[in-house]
Amino acid sequence: MHANLASIMPQAIAVWCEEMGHDVRLECYTGFEDLESILPRDIDVLFVGAFTQAAQLSYAISAMFRARGVVTVLGGPHARCYPQDSQKYFDYVLGFTDKEILTEVLADPAPQRPFGIYRTANKQPPTLPGVRERWKFIEPTLRKAPTFKIVPMLGSLGCPYTCSFCIDSTVAYQPLELQQIQEDLRFLLTKMRRPRVGWHDPNFGVRFTEQVNAIEEAVRPGSIDFLAESSLSLLSEPHLKRMKQNGFKAILPGIESWYDMGNKAGARSVRGLDKVKQVSAHVNLVMKYIPYVQTNFVLGLDSDVGEEPFELTKMFVDLTPGAFPGYSLLTAFGQAAPLNLELQRTGRVNGFPFHFLNNNHAMNVRPKNYSWREFYEHVIDLTKYTFSWKAVARRFHANREMIPRWMNVVRAISTEGSGRIQYHTKILGHLERDRSFQEYFEGRSDALPQFYVDRIKRDLGPLWRYLPEGALYHDSHAYLRSQPRLAVSLSPSRAAAGADS
Ligand code: B12
Ligand code: SF4
């Protein structure tokens, strides 16, 4: 994780642990540090916060520390999505984590073998430590991000929308204390000359007026720069005007699909070409007020058929030259979303190692309406179009400010543009030539192609030797198996029909 994108929760856990009287050290691992030397040796308990793409890395780290007698605890997106697998490699695995859960774990932490204990609160915590309390952990983390420092904050948890693929589709929306937000912003101004705050809210601005009023009341408009993820439906022109006044510099709305999830794009009743035109006009309006806009799409949704969805996205790129399109390959992250149960029930989820599950390096859901080759051909074609010199130049000229202009160029010529074109092309090449690939992708074989083993080995470097045996593989149907028996034994069509009863 880049240090300027570091998560809030490890900082919150660190604060809570200190409040309970423990000595704490927090390290944000960005992929470059020598973990064996930076991590302290004389500890009793090691907490690891990890996304699924860092699962194998976290398993190796846990093994390294367990061998020294340290008790290990996993939390974060991977623990929420794949608790069963994580329990094989950690003593404790935590889902929703509040101070009470933490107190329980730390009351008597003991090694738990062969399976760790899974604990979760029944909802998100009502409050989290603010910036003032987290500052001693934020500061050293940001020292690792010399040019572009972003302080993580949260104004809310959960989301009122129900995008079927998303981890928050079933988590109730919960605003956090406005007073605390105000105090945090005022405090930041005493620490940084022109702070930059990244709102980690799954969907910023659901209670727009309250939140922006609170910001305006707390700090002089424009004294802090803000970045946020928000759905287009919340970005009306009056809202945009206020965001501009208050220093919002970047916004990442999710469009996801031209045929599905119209609610969050503010295009409930339109689909296809009409949606492209409507959304494009809306994003161009957003760009009048907010200098940097990234529009997010999910590729491979069941609602997509043939070349049309990809062609529509190209059209969007033409009609909205300033926006940076972010493409994600549809991924079923374990038990994150109810949709995944249905995908597992119908045998469409395959067991790609966690290391590749970052929405780009693998798609673990077999597409409904495409062969793998067709799908990759479309993805490559779209990515090439989006990051062609012509599109890069148009994006450059359509943006007015220096940072957005150059950031888009850098992103296009690095991992997100050219890097992905090269990677997807490599995968397509293997799909065309290599039987082991075809069989693995189609789910006819469980034998992981050597290509993937080699990449994990390369990426883990010296930590590879700690990776426990079997940790490259996981049960991709663990979520389904954890459900009551009735649901597992139903046929796909009956399960769907009986879901409501
Ligand atoms: C903000 C956000 C980001 C931000 C900040 C990331 C960050 N450092 O946290 C940015 C934009 C950088 C980002 C990037 C990515 N993200 Co993101 N992101 C989110 C988002 C919207 C909110 C996460 C959040 O902070 N919530 C608030 C916290 C308080 O709640 P929580 O995460 O549920 O945490 C609770 C527990 O899990 C636990 N907990 C959390 N961490 C820890 C740590 C410890 C030690 C412990 C004990 C407990 C614990 O306590 C919390 C309170 O109950 C979620 C979606 C969502 N709606 O949740 C996706 C999400 C986390 N992202 C996701 C993905 C895939 C990505 C990317 C790979 C996308 C991409 N292709 O670029 C990258 C990965 C970046 C990287 N280098 O690894 C997936 C993760 C799935 C998974 N299993 O890995 C999610 C779930 C979205 C989804 N697809 O459903 N993301
Ligand atoms: S709007 Fe965003 S956070 Fe909310 S359910 Fe949809 S994808 Fe998830």
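Definitions and limits used
Residues numbered from 1 in each chain as written. Chains lettered and ligands numbered in written order. Predicted model: local features only at pLDDT ≥ 70, side-chain atom pairs only at ≥ 80, totals over all residues. Heavy atoms only, no water. Helix = DSSP H or I, 4+ residues; strand = E, 2+ residues; numbered from the N terminus. Rg over C-alpha atoms; globule rule 2.2 N^0.38 Å. Buried < 20%, exposed > 50% of the residue type's maximum accessible area, 1.4 Å probe, protein only. Contact = heavy atoms within 4.5 Å. Areas by Shrake-Rupley, 256 points an atom, 1.4 Å probe, with all protein chains shown as cover. Lys, Arg positive; Asp, Glu negative; His and termini not counted. Charge placed at Lys NZ, Arg CZ, Asp CG, Glu CD. Expected span 1.5 Å × (residues − 1). Phe/Tyr/Trp six-rings, centres within 6.5 Å; stacked < 30°, edge-to-face > 60°. Lys NZ or Arg CZ within 6 Å of the ring centre and 35° of its normal. pLDDT = per-residue confidence, 0-100. Axes fitted to C-alpha atoms, helices over the stretch in contact; angles between N-to-C directions. Parallel < 35°, antiparallel > 145°, perpendicular 65-115°, else oblique. Nonpolar A, V, L, I, M, F, W, Y, C, P; charged D, E, K, R; others polar. Pairing = 2+ DSSP bridges. Salt bridge = Lys/Arg side-chain N within 4 Å of Asp/Glu carboxyl O. Near = heavy atom within 4 Å. Polar contact = N/O pair within 3.5 Å; in protein donor to acceptor, adjacent residues only side chain to side chain.

**Regarding the overall build of the chain**
At step 1: Within the chain one finds 22 helices and 13 strands.
At step 2: Compactness check: the chain gives a C-alpha radius of gyration of 23 Å against a globular reference of 23 Å for 501 residues, within 12% of the reference.
At step 3: Considered along the principal axes of its C-alpha atoms, the chain spans approximately 60 × 60 × 50 Å.
At step 4: The 501 residues of the chain split such that 55% are buried.
At step 5: Summarising the internal contacts of the chain: among those between residues at least 6 apart in sequence, 73% fall at separations of at least 24.
At step 6: For the chain, the exposed area adds up to about 22,700 Å²; of that, 52% sits on carbon and sulfur atoms.
At step 7: Treating the 58 positive side-chain charges of the chain as one cloud and the 53 negative ones as another, the clouds have centres 4 Å apart.

**Examining helix 3 (residues 55-66)**
At step 1: Across its 12 residues, helix 3 extends 16 Å between first and last C-alpha, which sits within 8% of the 16 Å expected from 1.5 Å per residue.
At step 2: The buried fraction of helix 3 amounts to 11 of the 12 residues, a majority that puts the element mostly inside the structure.
At step 3: The set of residues buried in helix 3 consists of Ala55, Gln56, Leu57, Ser58, Tyr59, Ala60, Ile61, Ser62, Met64, Phe65 and Arg66.
At step 4: Looking at the buried side of helix 3, the elements it contacts are helix 2 (35-38), strand 1 (45-49), strand 2 (71-75), helix 4 (77-81), helix 5 (83-86) and helix 19 (450-460).

**Some words on the packing of aromatic side chains**
Describing an aromatic ring pair means giving the distance of the ring centres and the angle of the ring planes.
At step 1: Under the criterion given, the structure shown has 31 aromatic pairs.
At step 2: On the numbers, 6.3 Å between centres and 35° between planes, the contact of Trp372 with Tyr376 is tilted. Of this pair, Trp372 and Tyr376 both sit in helix 14 (residues 372-386), 4 residues apart, roughly one helical turn.
At step 3: Summarising the aromatic geometry, the rings of Phe375 and Tyr376 are spaced 5.9 Å apart at their centres and angled 85° between planes, so their arrangement reads as edge-to-face.
At step 4: Taking the relative accessible area as the measure of exposure, Tyr376 reaches 1% and is therefore buried.
At step 5: Between Arg68 and the ring centre of Phe65, over which it is positioned, the NZ or CZ distance is 4.8 Å.

**Some points on the confidence of the model for the chain**
At step 1: Here the chain averages 92 in pLDDT, and 95% of its residues register 70 or above.
At step 2: Predicted confidence is poor over residues 486-501, with pLDDT under 50, and the contacts of this stretch with residues over four places away or in other chains come to 9 contacts.

**A short note on the packing of helix 12 (residues 308-319) against helix 14**
When two helices pack together, their arrangement is given by the angle between the helix axes and by the axis-to-axis distance.
At step 1: One can describe the packing of helix 12 onto helix 14 by two numbers: an axis separation of 10 Å at closest approach and a directional angle of 5°. On the basis of their axis angle, the class for helix 12 and helix 14 is roughly parallel. In contact with Phe310, Glu311, Thr313, Lys314, Val317 and Asp318 of helix 12, helix 14 contributes Phe375, His378, Val379, Asp381, Leu382, Tyr385 and Thr386.
At step 2: Along the lines of polarity and charge, the residues of the contact of helix 12 with helix 14 split into 6 nonpolar, 3 polar and 4 charged.

**Focus: the sheet that holds strand 4 (residues 117-119)**
Backbone-to-backbone hydrogen bonds pair the strands of a sheet. The strands run either parallel or antiparallel.
At step 1: One open sheet accounts for 4 strands, arranged 1-2-3-4; its pairing is parallel. Pairing within the sheet leaves two strands with one partner each, and these edge strands are strand 1 and strand 4. Adjacent strand axes in the sheet meet at a mean angle of 20°, parallel and antiparallel pairs treated alike.
At step 2: Strands strand 1 and strand 2 of the sheet are contacted by helix 3, whose axis makes an angle of about 160° with strand 2.
At step 3: Along the sheet, helix 6 (residues 99-107) makes contact with strand 1, strand 2, strand 3 (92-94) and strand 4, crossing strand 3 at roughly 175°.

**A closer look at the pattern of salt bridges**
At step 1: The tally for this structure, following the rule as stated, stands at 20 salt bridges.
At step 2: Put simply, Arg242 and Glu216 hold a salt bridge, and the shortest N to O gap is 2.8 Å. Taken as a pair, Arg242 in helix 10 (residues 237-245) and Glu216 in helix 9 (residues 208-218) lie far apart in primary sequence, 26 residues in all.
At step 3: Given the relative accessible area of 19%, Arg242 is considered buried.
At step 4: The network of salt bridges with common partners includes Arg25, Glu27, Glu33 and Lys144.

**Brief notes about the pairing of strand 9 (residues 225-228)**
At step 1: Alternating positions in strand 9 separate into two faces, Asp225 and Leu227 on one and Phe226 and Ala228 on the other, with burial throughout.
At step 2: With 3 bridges connecting them, strand 8 (residues 196-199) and strand 9 associate as parallel partners. Across the sheet, Gly198 pairs through a bridge with Leu227, a residue of strand 9.
At step 3: As judged from the 3 bridges shared by strand 9 and strand 10 (residues 248-251), these two strands associate in the parallel manner.

**Thoughts on the site of ligand 1**
At step 1: The local shell around ligand 1 holds 33 residues, among which Leu5, Gln53, Arg80, Gln124 and Asp168 are the closest.
At step 2: Asn360 is positioned with one of its side-chain polar atoms (N or O) 3.3 Å from a nitrogen atom of ligand 1.
At step 3: Elements supplying a minimum of two residues to the shell around ligand 1: helix 1 (9-19), strand 1 and helix 4.
At step 4: Here the shell around ligand 1 takes 3 residues from helix 4, the largest share from any one element.

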